[in-house]
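Structural features, examined
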Amino acid sequence: MRKLIILIFSFLALGFFSCSKERKSDDAAAWAAKEYYDSLFARNYAYFVSGMYLPDTIPPSYREQLEANASMFVGRMEREHHGVHDVRIMRFANDTIASPDKKSHVRTSDVFLVLCLGDSLNEEVVVPMLFHKGRWVMR
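Residues numbered from 1 in each chain as written. Predicted model: local features only at pLDDT ≥ 70, side-chain atom pairs only at ≥ 80, totals over all residues. Heavy atoms only, no water.

Below, the discussion takes up helix α4 (residues 60-81). Helix length check: α4, at 22 residues, gives a terminal C-alpha distance of 31 Å against a target of 32 Å (1.5 Å per residue), a fit within 8%. Within α4, burial applies to Leu-66, Ala-70, Val-74, Met-77 and His-81. Taken down its axis, α4 places every buried residue within 75 degrees of arc, on the same side. Seen from the buried face of α4, the exposed residues on the opposite side, beyond 90 degrees, are Pro-60, Glu-64, Met-72 and Arg-79. Looking at the buried residues of α4, the elements they touch are α2 (28-41), α3 (45-50), β1 (84-98), β2 (105-117) and β3 (122-132). A positive backbone phi angle near 60 degrees is found at His-82, which sits one or two residues after α4. (Helix = DSSP H or I, 4+ residues; strand = E, 2+ residues; numbered from the N terminus. Expected span 1.5 Å × (residues − 1). Buried < 20%, exposed > 50% of the residue type's maximum accessible area, 1.4 Å probe, protein only. Arc of directions from axis to C-beta. Contact = heavy atoms within 4.5 Å.)

Shown next as structure tokens:
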């Protein structure tokens, strides 16, 4: 009987600690991708474009074109699917790529997001991410 009680308390403790809602460091890329796409569908195109892996300096006209592209995409989603109501993280796959000389490495992640469309359809997109200068950006 004593072993049974210990076993039950062990499972309860395991269940309690495994249901934590804390963000882990390995899912930071997934949360960054979700944040960029949430800002896109909230019509904050400048923030979405700032989350792209671009050279430090690009011509203002090119940045305007990228923001216009994002705007056209959101407009098309509005027309064809009545907008995007929610962006959900489905899963992610992180990877670290070492340089040939083994002196440096690059952290990457493939984030799978589900776009919940207004016409009750769901669309899955893959967002390749790269850790660059201390933050996750979209490739």
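Turning our eyes to something else, we now look at the packing of aromatic side chains. Using the criterion set out here, one finds five aromatic pairs in the structure. With a centroid separation of 6.4 Å and 45 degrees between ring planes, the pair formed by Tyr-37 and Phe-41 is classed as tilted. You can see Tyr-37 and its partner Phe-41 sitting in helix α2, four residues apart, about one turn around the helix. The pair Tyr-37 / Phe-41 is uniform in exposure class, with both members buried. When the centroid spacing of 5.4 Å and the interplanar angle of 85 degrees are considered together, the rings of Tyr-37 and Phe-48 count as edge-to-face. Remark: Phe-48 occurs in helix α3 and Tyr-37 occurs in helix α2; sequence separation between them is eleven residues. (Phe/Tyr/Trp six-rings, centres within 6.5 Å; stacked < 30°, edge-to-face > 60°.)

The strand order across the open sheet formed by four strands is β1-β2-β3-β4, and the pairing between neighbours is antiparallel. Either end of the sheet is taken by a strand with one partner, and the two such strands are β1 and β4 (135-138). If you compare each strand with its neighbour and ignore which way they point, the axes differ by 30 degrees on average. The pairing of β1 with β2 spans 13 bridges and is classified as antiparallel. (Pairing = 2+ DSSP bridges. Axes fitted to C-alpha atoms, helices over the stretch in contact; angles between N-to-C directions.)

In terms of nonpolar packing, the biggest core is built from 26 residues, with Tyr-37, Phe-41, Val-127 and Met-129 touching the most fellow members. Looking at this core, the elements with two or more residues in it are α2, α3, α4, β1, β2, β3 and β4. Element by element, the count of residues in this core is highest for α2, at eight residues. In this structure Met-129 touches Ala-29, Ala-32, Ala-33, Tyr-36, Arg-107, Thr-108, Ser-109, Val-111, Trp-136, Val-137, Met-138 and Arg-139, once residues within four positions along its chain are discounted. (Core = buried A, V, L, I, M, F, W, Y, C linked by side-chain atoms within 4.5 Å.)

Let us look at α2. One full turn of an α-helix is made of 3.6 residues, so residues set three or four places apart face in the same direction. Over its 14 residues, α2 extends 20 Å from the first C-alpha to the last, a length consistent with the 20 Å expected when each residue adds 1.5 Å. Summarising burial for α2: ten of the 14 residues are buried, a large majority. Of all the positions in α2, only Ala-29, Ala-30, Ala-32, Ala-33, Lys-34, Tyr-36, Tyr-37, Ser-39, Leu-40 and Phe-41 are classed as buried. For α2, the secondary structure elements touched by its buried residues are α3, α4, β1, β2, β3 and β4. Directly beyond the C-terminal end of α2, a positive phi value near 65 degrees is found at Arg-43.

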